[in-house]
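Coordinate inspection notes
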Amino acid sequence: MVVTLDLRPTLELNDEQFEQICKQNPDLKFERTAKGELVVVALTGGETGRRNIKLSARLENWNEEANLGVAFDSSTGFRLPNGAIRSPDAAWVKQERWQALTPEQRKKYVPLCPDFVVELRSASAEIEEVQAKMREYLENGLQLGWLLDPETQTVEIYRPTQSVEVLHHSLQLSGEEVLPGFVLKLAGILTD
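Worth saying up front: this structure is predicted, and the values here are computed from it rather than measured.

1. Points about the overall build of the chain
From N to C terminus, the chain includes five helices and 13 strands. Since a compact globule built from 192 residues should have a radius of gyration of about 16 Å, the 16 Å found for the chain is in line with a globular shape. Taken along the three principal axes of its C-alpha coordinates, the chain extends 50 × 35 × 30 Å. By residue count, 46% of the 192 residues in the chain fall in the buried class. Nonlocal contacts in the chain, meaning residues at least 24 apart in sequence, comprise 57% of its contacts between residues at least 6 apart.

2. Topic: the nonpolar core
Residues Leu 59, Trp 92, Phe 116, Trp 146, Leu 148 and Leu 179 are the most contacted members of the largest nonpolar core, which totals 22 residues. Elements represented by at least two residues in this core include exactly α2 (46-66), β7 (90-94), β8 (116-120), β9 (144-149) and β10 (154-158). In this structure, Ala 84, Val 93, Val 110 and Met 134 belong to the second largest nonpolar core, which totals 21 residues.

3. A closer look at the sheet that holds β7
Read from one edge of the open sheet, six strands run β4-β7-β8-β9-β10-β11, paired in mixed fashion. The open sheet has two free edges, formed respectively by β4 (69-72) and β11 (165-168), since each of these has just one partner strand. On average, adjacent strands in this sheet sit at an angle of 15° to one another, irrespective of strand direction. The pairing of β4 with β7 spans four bridges and is classified as antiparallel. Within the sheet, the bridge partner assigned to Phe 72 lies in β7 and is Ala 91. Along the sheet, helix α5 (residues 127-139) makes contact with β8, β9 and β10, crossing β9 at roughly 170°.

4. Focus on the pattern of salt bridges
Taken as a whole and assessed by the stated rule, the structure comprises 14 salt bridges. Salt bridges here are not isolated pairs; linked through shared partners, they connect Glu 31, Arg 86, Glu 119, Lys 133 and Glu 136.

Thresholds, definitions, all that
Residues numbered from 1 in each chain as written. Predicted model: local features only at pLDDT ≥ 70, side-chain atom pairs only at ≥ 80, totals over all residues. Heavy atoms only, no water. Helix = DSSP H or I, 4+ residues; strand = E, 2+ residues; numbered from the N terminus. Rg over C-alpha atoms; globule rule 2.2 N^0.38 Å. Buried < 20%, exposed > 50% of the residue type's maximum accessible area, 1.4 Å probe, protein only. Contact = heavy atoms within 4.5 Å. Core = buried A, V, L, I, M, F, W, Y, C linked by side-chain atoms within 4.5 Å. Pairing = 2+ DSSP bridges. Axes fitted to C-alpha atoms, helices over the stretch in contact; angles between N-to-C directions. Salt bridge = Lys/Arg side-chain N within 4 Å of Asp/Glu carboxyl O.

Read these as spatial facts, not as claims about activity.
The following block contains the structure:
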């Protein structure tokens with residue numbers, strides 16, 4: 001379940017205020033929309049957490065070998081060009097884009113849209129909300145995105161200037177040109 005609070009016009013949350021809210025409420029997960037709304041994201045249950053750790057581990061293992069960029073887990077905030085602060089379940093940024101950031105920029109919410117993101121739909125998330133988030137990533141520079149839905153056993157693949165591709169009961173996914181050589185086996189992530 002996701003709850004969105006519109007604090008405007010009473011309060012416009014800047015990055016520092018948003019960070020303070022996150023620090024003062026460590027048991028909650030927050031995002032900020034491009035409109036400045038505060039999004040409270042429900043913590044996931046055990047099954048989603050188990051699936052997500054496998055997803056992150058597989059991305060990081062490939063990244064360690066390929067050494068083409070930097071992988072991030074679900075606790076990383078990205079400040080998108082539209083002003084939203086989002087936290088995908090897994091993300092990856094090309095090495096040259098990461099290296100172009102200053103050390104100070106790397107310590108705070110990463111000021112860019114990842115090249116690659118994965119959203120793993122939890123049982124409490126509405127599919128329309130996750131799909132809207134994927135479209136937002138695309139509008140902000142995403143090169144490849146996967147929305148994984150264990151409940152329906154479907155994968156939605158997001159690419160710039162293309163319609164969303166929907167796959168049913170897939171066994172693996174290719175990182176295509178964005179993540180050359182990366183193949184995500186979906187056993188234990190999309191299926192049990």
